[in-house]
Amino acid sequence: MNLELILESNLSNPLKKIASKVFNGERITYDEGITLFNEGEINFLGSLANYIREKKHGDNTYFNKNFHIEPTNICVFDCKFCAYSKLLREKGDYDSWEMDEEEIYETIRSYDKSDVTEVHIVGGVHPKMGLHYFAKLIKNIKEIKPELHVKAFTAVELEYMCRKAKVSYKEGLQILKDHGQDSLPGGGAEIFAEAVRNDICKDKCSSAEWLEIHETAHSIGMPSNATMLYGHIESMEDRIDHMNRLRALQDKTGGFNTFIPLKLSLIHI
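All values derive from a computational prediction rather than experimental measurement.

Participant: Pulling in residues and values, what's your account of the sheet that holds strand E2 (residues 118-121)?
Facilitator: The pairing of strands in a sheet happens through backbone hydrogen bonds and is either parallel or antiparallel. Strand order in the open sheet formed by 3 strands is E1-E2-E3, and the pairing between neighbours is parallel. Taken across any chain shown, the strands that pair with only one partner, and hence form the sheet edges, are strand E1 (66-69) and strand E3 (149-152). Taking each pair of neighbouring strands and ignoring which way they run, the sheet shows an average axis angle of 25 degrees. With 4 bridges joining them, E1 and E2 adopt parallel strand pairing. Following the sheet pairing, Ile-69 is matched in E2 by Ile-121.

Shown next, in the form of structure tokens:
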């Protein structure tokens, strides 16, 4: 990608200014992010993104080999976009499940001869599966497969676990880390704009709580991922606000490994 060609093109002056900042290693602003959403063509955006990628990583691509375990889909929360079962459904209903511990351990053992690098554990927020239950679960998983990276529990799950156990986020996360948990996934961030969050998932952890939990994890040496759920009722401004808050936390801690945008079809509120 050639900056001189961009500057000589018929792009608008605001887009040319943004391209110049990217090439000069300067940070774009919130307003410039809005401009990119409203005016930037996909090829232009992709070229800028690829320029930054190559500058940081050359031609290298990084990935891991993981598998998922979802201990349950029974959940105390009622997010409007979620297809998971809810607390009022009993075990044995046709579309709800609770894995017992041995089922989970057998799943881990089934990868004994595999080159997987990570297990990703998330699920519904079950009122009877608490902090100490999961700490013991992780400890046993590590005993079965010590080299396996354990990425577990969204901030939504962690907020509930710590609240039920009557411990601070730092205390709860340290307990999990001491039992072998390595990192956090990025789920539950949805969209940080409080008005939108109140419409789509008002009963689970707030934007501030999500960010506090991830900052706390980073402070004890536990990295995490970050997500954004988009394509529902949020605005372009909400998307930029969301990414801006993540960027601010990354500036502070450097603890995010990956940003994952999650597309959702329009939901009716």
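We are not done yet, so read on.
Participant: Can you explain the environment of His-126? Please cite residues and give values.
Facilitator: Structurally, the position occupied by His-126 is in the loop between E2 and helix H6 (131-144). The sequence separation of His-126 and Cys-75 amounts to 51 residues, and the corresponding C-alpha distance is 5.1 Å. Setting aside its immediate chain neighbours within four residues, His-126 contacts Thr-72, Ile-74, Glu-98 and Tyr-160.

Participant: Hey, could you go over the environment of Val-76 for me, with residue numbers and the actual values?
Facilitator: Residue placement: Val-76 occurs in the loop between E1 and helix H5 (101-109). Taking the C-alpha atoms as reference, Val-76 lies 6.9 Å from Pro-127; in sequence the two are 51 residues apart.

Participant: Explain helix H7 (residues 155-165) to me, using residue names and the numbers behind them.
Facilitator: An α-helical turn contains 3.6 residues, so any two residues separated by three or four positions project in the same direction. Within H7, 8 of the 11 residues are buried, leaving the element largely enclosed by the surrounding structure. Along H7, the residues classified as buried are Ala-155, Val-156, Glu-157, Leu-158, Glu-159, Tyr-160, Met-161 and Cys-162. Structurally, H7 contributes buried residues whose contacts are with H6, helix H8 (169-178) and helix H10 (207-219).

Reading the values: rules and limits
Residues numbered from 1 in each chain as written. Predicted model: local features only at pLDDT ≥ 70, side-chain atom pairs only at ≥ 80, totals over all residues. Heavy atoms only, no water. Pairing = 2+ DSSP bridges. Helix = DSSP H or I, 4+ residues; strand = E, 2+ residues; numbered from the N terminus. Axes fitted to C-alpha atoms, helices over the stretch in contact; angles between N-to-C directions. Contact = heavy atoms within 4.5 Å. Buried < 20%, exposed > 50% of the residue type's maximum accessible area, 1.4 Å probe, protein only.

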